[in-house]
Amino acid sequence: MNPTDRNADKAVPVPMDGTRSELSGTASDVVQARDVSGGVHFHRSGPARRDVPRQLLGDVRGFVNRSAELGRLDRVLFPLGPDAAHLTVIVGTAGVGKTALALRWAHRTQDQFPDGQLYVNLRGYDPGTPITAEQALDRFIRALDVPPGRIPADLEAKATLYRSLLANLRVLVVLDNAESVGQVRPLIPGSDGCRVIVTSRNRLAGLMARDGAQRVIVEVLPESESVELITAITADYRAQDDPADIAELARLCACLPLALRIAAERAATRPWMPLGQLIQDLRDESGLWDALTAEDGEEADGVRAVFAWSYRALPVDAARMFRLLGLHPGPEFSVQAAAELADVTVLDARRLLDSICGVHLIEQTAPDRYEFHDLLRAYATNAAHHQDSLEEQYAALSRVLAWYLHVAHAAGTAMRTPARLLPPTALPAPSTVPGFPAYLDGARWYEAEWANLLAAVQAAEKSGLDRVSWQLALMLRPYFTRDATIADRLQVIETALGAARRDGDSVAEAEALFALGSAYSAQHRLADAVRVHREVLRLRREIDDREGELLSVNMLGVLFLMQRRFTEAIEQLESARVLSRERDDTEREATALFNLAEAYTGSRRYPEAIETATRSLLLSRELGDERRELVALVMLARAQADSAEDGREEALVSAGTALDLARARNEDRNEGWVLLEYARIQRLNGLFNDALVSCQRATTLHRALEDRAREAAALDGTGEAYQGLERAADAVPFHRRAVTIFRQLDDRWPLAVALGNLGAALAATDAAEARACRQEAYELFEGYADPQARENAARIGRLLG
């Protein structure tokens, strides 16, 4: 809900048992609170980000030479300016050290890029699905401090926003393992100060022809440097080895850095075994893997031999774990997921993963988290296909999908979002499902596993497990409004909808459509959202899903509130109240009542608004549900404040109680929202200095939360407080900033209100601009039919003459 303005009700529905648009972002104002008599001062500091992105992976240990390639990168990419190349492609065969070279150069030159470094592994050669340019843009834009709600849905708009964010910045972008030009081109900034390094096994000739890229070719290491690399890794663990033996080991590894490192690490972990014996083992090793047949040659033979050599050295149970990890939906995984794949305890899984890490077939990236190199993941997948039966592979995949399904259900339940979570019946529950004590615990699990959850949904669909696919997809909804991009949401919903229809499950189809309607409302596509939710309501009535019908009726009421169609909202929400009573569903009755109170207030039916808000408050307190209690208090305060002047002191008490509750629960988002209404009521009571303090706190909170719409509302409220203190000149910059933000968000009602306020603040000093603001506000208000809109239009019309 946005707050109600002094002149006009700005409210939109609360996000409980219904969803609303969550448009937010980082404004460019720094907020400072001074003494109240001096006011609240907002100092512009330019485009500010909370954190400079530093996404580079760690520098490579034991990096040797490559001085010619590093020198070429220096010559190609420096000096910074329009005459240097902005884009370089590092090309070479698999395992030759392209990523290591890119990272070494990036770490050496990071001082040249004070605005940060962006990194993404595009996984162009991974056995799984590559990262698309659109997905990479989502990640980069978020790293540049833009919240998901502000990221456009289509690729071109994302690329435009990305280039705008990087304009006039000096940022290094590293695009690792690109397979095609299409993955790269949308990720190229337009700024002269930015540089892009791409690594690829392909030559990507289109980037040279069209984008002016320079190419740096990476060959296998010379034998002398290969010997140097092996020696650097083994020197602290082995006595002096015969240089001839080290050279032979290098040749057997085809002088490829990836193979050299694995072989050297194995030699280092066997300090008493003669190097000649290790060489003989490697020489005798037959190839197990044919995934590189398209790259037949000495290099491919070397990689195959070293991988097979290390794999064969694993104990039987560790080798099995390694193979099954190749069936995991994503390249990165937790120890718990690995335990489910292999059907072992977490303790045993940790031991086995340590064994596999010891021979460098996987890498540990964080406590209890591991990752594959794409070549090794392909090797593991191929080994599983050749050595494990289809039944064993299916069982392993089913176990890990069951893990994600049931843990997602537990995490989503802990988050207590409005999404109705259907029982996870598609697969039996694992023996142990972790508990999540609170909202943040569940949210953090979703955040850590998000990429794997998306991959698991796709893996289930590819395997023909439609019921698993739609159940898991719908289990992701609790995270949708927290940090998921619209693109991810729509992809998951599309998968769920198709799988549900193939499975013939109408309940699931309705749930997927409901999620689609919610995604549309988050995009401000309110007409589309209403259309979809009407279809959901029809479907739920057809299958006699009474609980679902209640949710749909309430959601339609919420959408009509967002459109300020209060008469239609009242019709839906009164139906929701009846349905909730029929079901003896006290929680949803309380929700319907506070939404209904908002609709009554918007229709100027204040006694009914106060009555329903009070009833919602009583039910919420009986339930011990503080979240609903807080919303009911705000709806009550709003109705009291707008009903008559003698209700404004009561409104202060109600809003103050809600504020105390939000602070007691340590909920910054709710505190910020309540403060907007509290400041409005303070202004109505003539407490303009107090309102300045409330607006300052609200601005600080919403800016930290990256909620641009509410930040703009707080800025506009600050301007109104200054006008109440007869300081119109101080009010102007606040109203002007609010207008800018609301215009960017295409949020028409609060834009109209802010324009009206700006016109009032400018009236004494700039009549022409004041008239232009009022004219635009008048035209916007004319697009609404509710009483407040008509009153605002009439008032501004009189001022315009």
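Residues numbered from 1 in each chain as written. Predicted model: local features only at pLDDT ≥ 70, side-chain atom pairs only at ≥ 80, totals over all residues. Heavy atoms only, no water.

Undergrad: So, the packing of aromatic side chains: which residues are in play, and what are the values?
TA: On inspection of all chains with the given rule, the structure shows 18 aromatic pairs. With a centroid separation of 6.1 Å and 45 degrees between ring planes, the pair formed by F322 and Y379 is classed as tilted. Residue F322 is found in helix α12 (residues 316-325), and its partner Y379 is found in helix α15 (residues 374-387); the two are separated by 57 residues along the sequence. When sorted by exposure, F322 lands in the same class as Y379, which is buried. Three or more aromatic residues link up through ring pairs in this structure, and these residues are F307, Y311, F322, F333, Y370, F372 and Y379. (Phe/Tyr/Trp six-rings, centres within 6.5 Å; stacked < 30°, edge-to-face > 60°. Helix = DSSP H or I, 4+ residues; strand = E, 2+ residues; numbered from the N terminus. Buried < 20%, exposed > 50% of the residue type's maximum accessible area, 1.4 Å probe, protein only.)

Undergrad: Help me get a handle on helix α24 (residues 566-582), residues and values and all.
TA: A rise of 1.5 Å per residue sets the reference length of α24, with its 17 residues, at 24 Å; its end C-alpha atoms lie 24 Å apart and thus fit the reference within 8%. On its buried face, α24 sits against α23 (546-562), α25 (586-602) and α26 (606-623). (Expected span 1.5 Å × (residues − 1). Contact = heavy atoms within 4.5 Å.)

Undergrad: So what's going on with the pairing of strand β4 (residues 117-121)? Which residues, and what values?
TA: Within a regular strand, side chains alternate between the sheet's two faces. Counted residue by residue, β4 has five buried out of five residues, so it is predominantly covered. Along β4, one buried face is formed by Q117, Y119 and N121 and the opposite face, lined by L118 and V120, is buried too. For β4 and strand β5 (residues 172-176), the ladder comprises five bridges, and the chain directions are parallel. Within the sheet, the bridge partner assigned to N121 lies in β5 and is D176. (Pairing = 2+ DSSP bridges.)

Undergrad: Tell me what's going on with the packing of helix α13 (residues 335-342) against helix α16 (residues 390-415), and back it up with residues and numbers.
TA: The contact between α13 and α16 brings their axes to 7 Å, and the two run at 140 degrees. With respect to α16, the element α13 is oriented oblique. Crossing geometry of α13 relative to α16 is assigned as right-handed. Contacts between α13 and α16 involve Q336, A337, E340, L341 and A342 on the former and, on the latter, A396, R399, V400, W403 and Y404. In terms of residue class, the contact of α13 with α16 is made up of seven nonpolar, one polar and two charged. (Axes fitted to C-alpha atoms, helices over the stretch in contact; angles between N-to-C directions. Parallel < 35°, antiparallel > 145°, perpendicular 65-115°, else oblique. Left-handed = near helix turned anticlockwise from the far one by under 90°. Nonpolar A, V, L, I, M, F, W, Y, C, P; charged D, E, K, R; others polar.)

Undergrad: Break down the pattern of salt bridges for me, with residues and values.
TA: Following the criterion strictly, the structure yields 56 salt bridges and no others. Taken together, the salt bridges that share partners define one network made up of R420, R477, E511, R540, D545, E547, D585 and R588. (Salt bridge = Lys/Arg side-chain N within 4 Å of Asp/Glu carboxyl O.)

Undergrad: Which residues make up the sheet that holds strand β9 (residues 363-366), and what are the values?
TA: Two orientations exist for strands paired in a sheet by backbone hydrogen bonds: parallel and antiparallel. An order of β8-β10-β9 is seen for the three strands of this open sheet, with the pairing classed as antiparallel. Every interior strand has two partners, whereas the edge strands, β8 (332-334) and β9, have only one. Direction aside, the axes of adjacent strands within the sheet are offset by 35 degrees on average. Pairing of β9 with strand β10 (residues 369-371) involves three bridges; the strand directions are antiparallel. Bridging across to β10, E363 finds its partner in E371. On top of the sheet, α13 reaches β8 and β10; it is set at about 85 degrees to β8, its chief contact.

Undergrad: I'd like a description of the sheet that holds strand β6 (residues 195-200), backed by residues and values.
TA: The five strands lie next to each other as β4-β5-β6-β3-β7, forming an open sheet whose pairing is parallel. Lying at the two open borders of the sheet, with one neighbouring strand each, are β4 and β7 (214-217). Taking each pair of neighbouring strands and ignoring which way they run, the sheet shows an average axis angle of 15 degrees. With four bridges connecting them, β5 and β6 associate as parallel partners. In the sheet register, L175 faces β6, and the bridge partner there is V198.

Undergrad: Would you mind going over the confidence of the model for the protein chain in detail, with residue names and values included?
TA: Looking at the protein chain as a whole, its pLDDT mean stands at 87, while 91% of the residues score no less than 70. The low-confidence segment residues 286-296, where pLDDT is below 50, has 26 contacts with residues more than four positions distant or belonging to other chains. (pLDDT = per-residue confidence, 0-100.)

Undergrad: Help me get a handle on the environment of I610, residues and values and all.
TA: Assignment of secondary structure puts I610 in helix α26. The exposure class of I610 is partly exposed, given its relative accessible area of 26%. Remark: the alpha-carbon pair of I610 and F742, spanning 132 residues in sequence, is separated by 30 Å.

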